[in-house]
Amino acid sequence: MIEAEVHLSLHNFLRSQAGFPSWPHHLTMARLVARALRVGRSALIQVGAVSGYQGRYRTSFVASALMWHGPVIIVAPEAVQQRLLQVEIPRLQPWLQANKPIRTGEVWPGSDFQGILLTSPEAWLKAQFTSTNNFPPGIPTIIDGVDDLEDWVRDQLTQVIQPHDWDQLILACPNQAEIIRSARAQLTHELFQHPANPYDCYLMSLTEIDILGDLHSQLKSVSILPDAWKNFWQEFQLSNENVPASCTSPLFWATITRRQGLFSLHYAPTELANSLAPIWQRQPVVLIGSALEPETEAPLFRQRLGLHEVTCLKFSNDTQGSAIQLYVPHKLPLPNTPEFQAAFIHKVRTLICLSATALGLTVVLVGDVPLKAQVGAILASEFGSRVRVEKTCLDENGILVSGWEFWRSHQTVLPGPHLLIIATLPLPSLENPLVAGRVAYYKRSHQDWFRLFLLPAALNELQRAIAPVRQSHGIVALLDSRVVNRSYGAQVLAVLSPLARINYLDPSLFSHPSDEDST
């Protein structure tokens, strides 16, 4: 059986690799992936936040894919593909004596191809949502990094009308040119009445949707429209049919460039399960994420993505040497109070000053966009060029002020921080119109929007953010007193385990030398 062959070969390979970074679950994961390939049953594997950050688990599924006798598709971002091509596959192929052909691309090489194709999430998903046959059904598919799968899917399903698309529409419909110009002018007037927000995007009001509806009715006689408009109108028409709101749940929003007086229109579905469920039936899939949910079965994740019958496995954290020191103050003002900003900045200055003698990177994570800029300016005035706001060129003892998205995108190329300061829990902000739109959908469906959406998103983001600190044996300062004052604080502390709570601040906390793990 393929499971036994993979187990034995990988076991011997790991024993032969002196100094090879160990991961205690290689053999278990390799067997599960091999079984999924053999029986054609999909699987969902959570490898843990630290393992997801380090990427050591990839040796397991690459070994199974190389030893499987049939073709395999591996879906992964470009950076991960390069790691597989340059490190994992060349290291394993000679030992396993697997002469399987390896290809990269956005189209299946051919009906007689029996090797491994590496492709991007964008290319694979685009093919699944269109009628193209770029990836034939029935080919076992491994998707790495599914913590970001919802974002990948939503990006693919988003229809966009850019400013230049209006000009294309006028050229395609010269008899309706004045009607189109009038609708654009009305939308410009309405959209620019919205007060400015940090996200520069706004859910479209009923008035704005009515303007689009009137334009749509005026253009019904036009048989051939530009592709951008044709796709947008298809979704617009579906969303305005007489269907219960809980079934359609579209998100229409506009992004604005105020200086240039321009806007773009966007459509995306709020829920993704209906769009994704048919895809999982076309081929067996192995979905690999880091820390999707505390539960092994990941019920909320599977519900959101339309995953039904799958084998679920969640690896426990490798607790040896990965505990963090966690400082959570009790008396800091709540984040939604006027006193929070000054207290937060004072605490950040205190922490940086206490750690002044320790070499290493300090990261200050601030989700609030205006506060992030203010913190960067205030710290730069005191600590000078050490401070950078969302930059990767940093001094050895630099101070990086960053939002969550920037840190998530760049943490693998930056050294593990000796001090990570977190302003607030990364709960998606209701000030973001897209978040507000999704919350409204949960409310219409009479579902617990906090438990089903905001809290799981925050816990996943938080675990991924602190993963580099575990490797650098650093300190995490979580300056959100809701962790100790709200009932869900216990869930936050649970997902951050293993940890050692710190109830005081002292320079001695930062005096020990960093003892980074080898990578």
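Heads up: the structure comes first, above all this text.
Nothing here was measured: the structure is a model prediction, and the numbers come from that model.

1. Quick word on the sheet that holds strand β2 (residues 72–75)
Then, in step 1: Strand order in the open sheet formed by 7 strands is β3-β4-β2-β5-β10-β1-β11, and the pairing between neighbours is parallel. The strands lining the two open edges of the sheet, one partner per strand, are β3 (102–104) and β11 (311–314). Going across the sheet, the axis of each strand differs from the next one's by a mean of 15 degrees, ignoring polarity.
Then, in step 2: Two elements, strand β1 (residues 43–46) and strand β10 (residues 285–289), share 4 bridges in a ladder whose sense is parallel. Within the sheet, the bridge partner assigned to Q46 lies in β10 and is G289.

2. What about the side chain of S355?
Then, in step 1: Position of S355 among the secondary structure elements: in the loop between α15 (340–354) and β13 (362–365).
Then, in step 2: The exposure class of S355 is buried, given its relative accessible area of 3%.
Then, in step 3: At 3.2 Å, the side chain of S355 and the backbone oxygen of I352 are in polar contact.
Then, in step 4: Dropping the residues within four chain positions of it, S355 is found in contact with H418, L419 and F510.

3. Observations regarding the packing of aromatic side chains
Any aromatic ring pair is given by two values, namely how distant the centres are and how the planes are angled relative to each other.
Then, in step 1: Tallying each qualifying case throughout the model produces 17 aromatic pairs.
Then, in step 2: Here the aromatic rings of F13 and W95 are separated by 6.2 Å at their centres, their planes lie at 65 degrees, and the arrangement is edge-to-face. Taken together, the positions of F13 in helix α1 (residues 2–16) and W95 in helix α5 (residues 78–96) put the pair 82 residues apart, joining distant regions of the chain.
Then, in step 3: Take W95: its relative accessible area is 40%, and that puts it in the partly exposed class.
Then, in step 4: An angle of 50 degrees between the planes, with centres 5.1 Å apart, marks the rings of F252 and Y267 as tilted. Here F252, found in strand β8 (residues 250–257), pairs with Y267, found in strand β9 (residues 262–269); they are 15 residues apart in sequence, far enough to count as distant.

Cut-offs applied
- Residues numbered from 1 in each chain as written.
- Predicted model: local features only at pLDDT ≥ 70, side-chain atom pairs only at ≥ 80, totals over all residues.
- Heavy atoms only, no water.
- Pairing = 2+ DSSP bridges.
- Helix = DSSP H or I, 4+ residues; strand = E, 2+ residues; numbered from the N terminus.
- Axes fitted to C-alpha atoms, helices over the stretch in contact; angles between N-to-C directions.
- Buried < 20%, exposed > 50% of the residue type's maximum accessible area, 1.4 Å probe, protein only.
- Polar contact = N/O pair within 3.5 Å; in protein donor to acceptor, adjacent residues only side chain to side chain.
- Contact = heavy atoms within 4.5 Å.
- Phe/Tyr/Trp six-rings, centres within 6.5 Å; stacked < 30°, edge-to-face > 60°.

Function-wise, these values are silent; they only describe arrangement.
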